[in-house]
Amino acid sequence: MSFFALDMKKLIIGLLIVTFTIIALNTEFSPSRAPFFLKPFAYLAQSIQNAYAHLSSGVEGTFKLYFDLIDIKKQNRQLLKENASLKAQLGALTELQLENQRLNRLLQFQQRSSMQLLAAKVIGRDLIPDHQSITINRGSKDGIKVNMGVITEGGIVGYILRVNNKTATVLLLTDRYSAIDAIVQRSRARGIVRGFTSDTCLLDFLQRSDDVVNGDLIVSSGFDQAFPKGFPIGTVFKVKKSRYGASQEVYLHPIINPFTLEEVFIILNPQQKVAKKDER
Amino acid sequence: MNAKTLSLAFLNYALFALLILVFTGFQTSLWMYVMGYFPSPQFWLSILVFWSIYRSPKESLIMAYLISLLVAPFSAIPLKTLLMVHFCLFFLIFFIRHRIYWEGVTFMMFLTFWICLAFPFIHFLMSFILEPSPLHKIEFFDWTLRAILTTLLTPPLFYLYVFIDRMTKKRWPTEARSQAL
């Protein structure tokens, strides 16, 4: 057999070796391009990798979520604590702000009034709800005496019933034992304001012919030496005239709500005028 | 009665007197700060009930006087009215106790509730008889709430009173002595 005689079998093997070598060399020279025959494998690989990646991210996510939840729980507890503490602080601050406003109002009232006033704090209320009295933190050592008038910037509160060394009992104007000399501001008709129930008073000893209607303001007359003249007591909400009586029943709501009192003033010299501002 | 028994009896009275002052102060001052004008439990009535159940009539009467004197400064109520109301309550408790009696805290709860409810009615009546300016109405809802609150607080109070009695070796009358707890 001569050298040039073709052996097809050997030729095909030789061609295949050359082809694969060329392909391999080609792959070596452009590594960025995946050969076509690797594409299906690459596809499979990426699918599996993706699946693992999803799974691992899922697992990681679950673990992370679990650890986050623990953290969140901790944080939540901490935030709740902080929130409660801030709420408490806010409540205290609001309370302080309100107290500040109230005291400011009282101070302004004290400053513009020419009466000699002594500020006092309400420290107690009556033991028996059928009686209307409060206890204040001023007593005989502060110069408090029985029957001195007690007011706030809005109107009359009552008067001193009992005095101890450091405290005093104030009989509120809504107590059935209290009596304050008063006049109807509009018509100047005179009567006595007595306590009736815990939120109403009665204007007694008014004559039948006296002019008083619903909405009239009842003010102090100044004759009882406890309150200055013209200080508000209450407003009339019911007038009852019986057919044959010589007098009339006049009911009023006190200007001051005795259930919300926190600070009051005791009038040490009631014969002064109510406000300097009015004089100007 | 020897000196030790006498001093223990005195201590018993003193501790209950102190308790009345502490409770009444709490009720009129601290309760107001915390709860505003929401009805408060009537502690002094529970002490009156306890003494009327577990003491001789003579001692209960002394306590009725003592309670009246101790709580009068906390209210604008005239002393004569308060004394008469307490005496009426004392007689009412004795009247009930001689007819119905069972041992333990539940009897005191039962009596406390009814005595708290009876208080405003007897007060209304006494005010009508004794005072120039009597009560116009009874705050029934308010007093019912007070009665419920006082009754609910009776068990701990009862054990406190029993503790004081044990500490001061106070002997109870025969019908009330056995098995208070």
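Here is what the cut-offs are and how they apply
- Residues numbered from 1 in each chain as written.
- Chains lettered and ligands numbered in written order.
- Predicted model: local features only at pLDDT ≥ 70, side-chain atom pairs only at ≥ 80, totals over all residues.
- Heavy atoms only, no water.
- Helix = DSSP H or I, 4+ residues; strand = E, 2+ residues; numbered from the N terminus.
- Buried < 20%, exposed > 50% of the residue type's maximum accessible area, 1.4 Å probe, protein only.
- Contact = heavy atoms within 4.5 Å.
- Areas by Shrake-Rupley, 256 points an atom, 1.4 Å probe, with all protein chains shown as cover.
- Core = buried A, V, L, I, M, F, W, Y, C linked by side-chain atoms within 4.5 Å.
- Buried area = accessible area lost by both parts, 1.4 Å probe.
- Salt bridge = Lys/Arg side-chain N within 4 Å of Asp/Glu carboxyl O.
- Polar contact = N/O pair within 3.5 Å; in protein donor to acceptor, adjacent residues only side chain to side chain.
- Nonpolar A, V, L, I, M, F, W, Y, C, P; charged D, E, K, R; others polar.
- pLDDT = per-residue confidence, 0-100.

Draft legend 1. Quick peek at the overall build of chain A. A count of helices and strands for chain A gives 3 helices and 12 strands. Split into buried and exposed, the 280 residues of chain A put 34% on the buried side. Sequence separation of at least 24 residues holds for 57% of the intrachain contacts in chain A that already meet a minimum separation of 6. By element, 60% of the accessible surface of chain A is carried by carbon and sulfur atoms, the whole surface being about 17800 Å².

Draft legend 2. Examining the nonpolar core more closely. Residue and element names in this part refer to chain B. Within the largest apolar cluster, 51 residues are counted, with the highest numbers of intra-cluster contacts made by I47, F50, L89 and Y161. A total of 11 residues in this core trace back to one element, the largest contributor, which is helix α5 (residues 105-130). If we ignore the near neighbours within four places in the chain, the residues touching I47 are F16, L19, I20, F23, I67 and Y161.

Draft legend 3. Broad picture of the interface of chain A and chain B. Between chain A and chain B, the contact holds 26 residues from the first and 36 residues from the second. Of the roughly 2400 Å² buried at the junction of chain A and chain B (both faces included), carbon and sulfur atoms supply 54%. When the area that chain A buries against chain B is broken down by residue, the three leading residues are A:R125, A:L127 and A:R176, summing to 34%. Taken together, the links from chain A to chain B amount to 1 salt bridge. Among the salt bridges present, the one from A:R176 reaches B:E131, with a minimum N-O distance of 2.5 Å. Taken together, chain A and chain B are joined by 15 residue pairs in polar contact (both at pLDDT 80 or more). Elements supplying a minimum of two residues to the side of chain A that touches chain B: β1 (117-125), β2 (133-136), β4 (156-163), β5 (168-172) and β7 (190-197) of chain A. Examining the composition of the side of chain A that touches chain B, we find that 5 residues originate from one element, β1(A), more than from any other. Residue composition of the side of chain A that touches chain B, grouped by class: 12 nonpolar, 7 polar and 7 charged.

Draft legend 4. Seen up close, the pattern of salt bridges. Taken as a whole, this structure holds 11 salt bridges over all chains when the rule is applied. A salt bridge links A:D204 to A:R194; the nearest nitrogen and oxygen atoms lie 2.6 Å apart. Of this pair, A:D204 sits in strand β8 (residues 200-204) while A:R194 sits in strand β7, placing them 10 residues apart in sequence. A relative accessible area of 22% places A:R194 in the partly exposed class. Taking the shortest distance from any N to any O, the salt bridge between B:K170 and B:E59 comes out at 2.5 Å. Of this pair, B:K170 sits in the loop between α6 (140-167) and α7 (174-177) while B:E59 sits in helix α3 (residues 57-71); the two residues are 111 residues apart in sequence, bridging distant segments of the chain. The burial state of B:K170 is the same as that of B:E59; both residues are buried. Connected through salt bridges with shared partners, the residues A:R138, A:K141 and A:D142 form a single ionic network.

Draft legend 5. Structural view of the environment of B:L21. Residue and element names in this part refer to chain B. In this structure, L21 sits in helix α1 (residues 3-35). Remark: the alpha-carbon pair of L21 and F43, spanning 22 residues in sequence, is separated by 9.9 Å. Among residues more than four places away in sequence, those in contact with L21 are L70 and F74.

Draft legend 6. Geometry of unusual backbone geometry. The residue A:Q225 is not glycine, and still its phi comes out positive at about 65 degrees. Although it is not a glycine, B:K169 adopts a positive phi angle of roughly 55 degrees. Looking at where B:K169 falls in the secondary structure, it is placed in the loop between α6 and α7. A residue is classified by how much of its surface remains accessible, and B:K169, at 60% relative accessible area, is exposed.

Draft legend 7. How the structure looks around the confidence of the model for chain A. All names here are of chain A. Confidence in the prediction for chain A averages 80 pLDDT; 80% of positions are at 70 or higher. Confidence scores differ between elements of chain A, with helix α3 (residues 276-279) showing the lowest mean pLDDT of 43 and β5 the highest of 92. Contacts of residues 274-280 to residues separated by more than four positions or lying in other chains number 15 contacts, the stretch itself having pLDDT below 50.

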